[in-house]
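# A closer look at the structure
Here are the chains, one letter per residue:
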Amino acid sequence: MLGVALKGIPRDTYRIMSKVTTRPGVDPQQRFDELRKLANTDYFDIMLLHWQHEASWPTDSARWQDGINEAEHRKAVLAHGASVHGLPALRQVPSMKWLEVAMIRVNHKGVAMDAEDFNTRGLGDVPEVVSHVKQSKGAGLE
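Calculation notes
Residues numbered from 1 in each chain as written. Predicted model: local features only at pLDDT ≥ 70, side-chain atom pairs only at ≥ 80, totals over all residues. Heavy atoms only, no water. Axes fitted to C-alpha atoms, helices over the stretch in contact; angles between N-to-C directions. Helix = DSSP H or I, 4+ residues; strand = E, 2+ residues; numbered from the N terminus. Parallel < 35°, antiparallel > 145°, perpendicular 65-115°, else oblique. Left-handed = near helix turned anticlockwise from the far one by under 90°. Contact = heavy atoms within 4.5 Å. Buried < 20%, exposed > 50% of the residue type's maximum accessible area, 1.4 Å probe, protein only. Salt bridge = Lys/Arg side-chain N within 4 Å of Asp/Glu carboxyl O. Pairing = 2+ DSSP bridges.

## Looking at the packing of helix H2 (residues 28–39) against helix H4 (residues 62–73)
- For the pair H2 and H4, the least separation of the axes is 9 Å and the interaxial angle reads 55°. Comparing their axes, H4 and H2 come out oblique. Helix-helix and strand crossings are classified by hand; for H2 and H4 the assignment is right-handed. Counted together, Pro28, Gln29, Arg31 and Phe32 of H2 and Arg63, Trp64, Gly67, Ile68, Glu70 and Ala71 of H4 form the full contact between these two elements.

## Thoughts on unusual backbone geometry
- In this model, Trp51 sits at a positive phi of 55°, which is unusual for a non-glycine residue.
- With respect to the helices and strands, the residue Trp51 is situated in strand S2 (residues 44–52).
- Residue classification places Trp51 among the partly exposed positions, given a relative accessible area of 37%.
- Phi is positive for Ala112, close to 55°, though the residue is something other than glycine.

## Concerning the pattern of salt bridges
- Throughout the structure, instances matching the rule amount to seven salt bridges.
- Between Arg31 and Glu34 there is a salt bridge, with its nearest N and O atoms 3.1 Å apart. Placement of the pair is Arg31 and Glu34 together in helix H2, with a separation of three residues, close to one helical turn.
- For Glu34, a relative accessible area of 35% translates into the label partly exposed.

## Considerations on the side chain of Arg11
- With respect to the helices and strands, the residue Arg11 is situated in the loop between helix H1 (2–6) and strand S1 (17–21).
- Using a relative accessible area of 16% as the deciding quantity, one classes Arg11 as buried.
- The residues touching Arg11, leaving out its near neighbours within four places in the chain, are Ile16, Thr41, Tyr43, Phe44 and Asp45.

## Some remarks on the pairing of strand S3 (residues 77–84)
- The buried fraction of S3 amounts to seven of the eight residues, a majority that puts the element mostly inside the structure.
- Of the pairings in the sheet, the one linking S2 to S3 comprises six bridges and is parallel in character. Across the sheet, residue Phe44 finds its bridge partner in S3, namely Val77.
- The pairing of S3 with strand S4 (residues 101–103) spans three bridges and is classified as parallel. Counted as the bridge partner of Ala82 is Ala102 from S4.

## Comments concerning the sheet that holds S1
- In space, the four strands of this open sheet follow the order S1-S2-S3-S4, with parallel pairing throughout. Both edges of this open sheet fall to S1 and S4, since each of them pairs with a single strand only. With strand direction ignored, the average angle separating the axes of adjacent strands in the sheet is 30°.
- Of the strands in this sheet, S1 and S2 are in contact with H2, which crosses S2 at around 120°.
- Running at roughly 155° to S3, H4 makes contact with S1, S2 and S3 of the sheet.

See below:
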């Protein structure tokens, strides 16, 4: 639908961000190419590692990080980052040198925000999330 909606609009007038789930057994380059075809674009402005919810995600997703780096070399991706879920994953963000963009869930009431359990239906820990957002911004992340 996105490719159809953007048809005829000059590519340099908008930005596209997409996410990939870091499943084992999937070829990152093949997946990026599938996504580019679906979006009818030569490149993504930002590609995120989606749903990083374990404290070990920085090492668990290394193959996908390498894949994004390769896609950047091919100019199929221009920038990269991750969307994290849960405080154990979020705590890794400020010191994760690979990141350029961090998608962090935050709102003033703590609804659908990060807590110790990434799958909580309760409120998130607003003060801790905000502290990690500030640390991430201080580390130069967008």
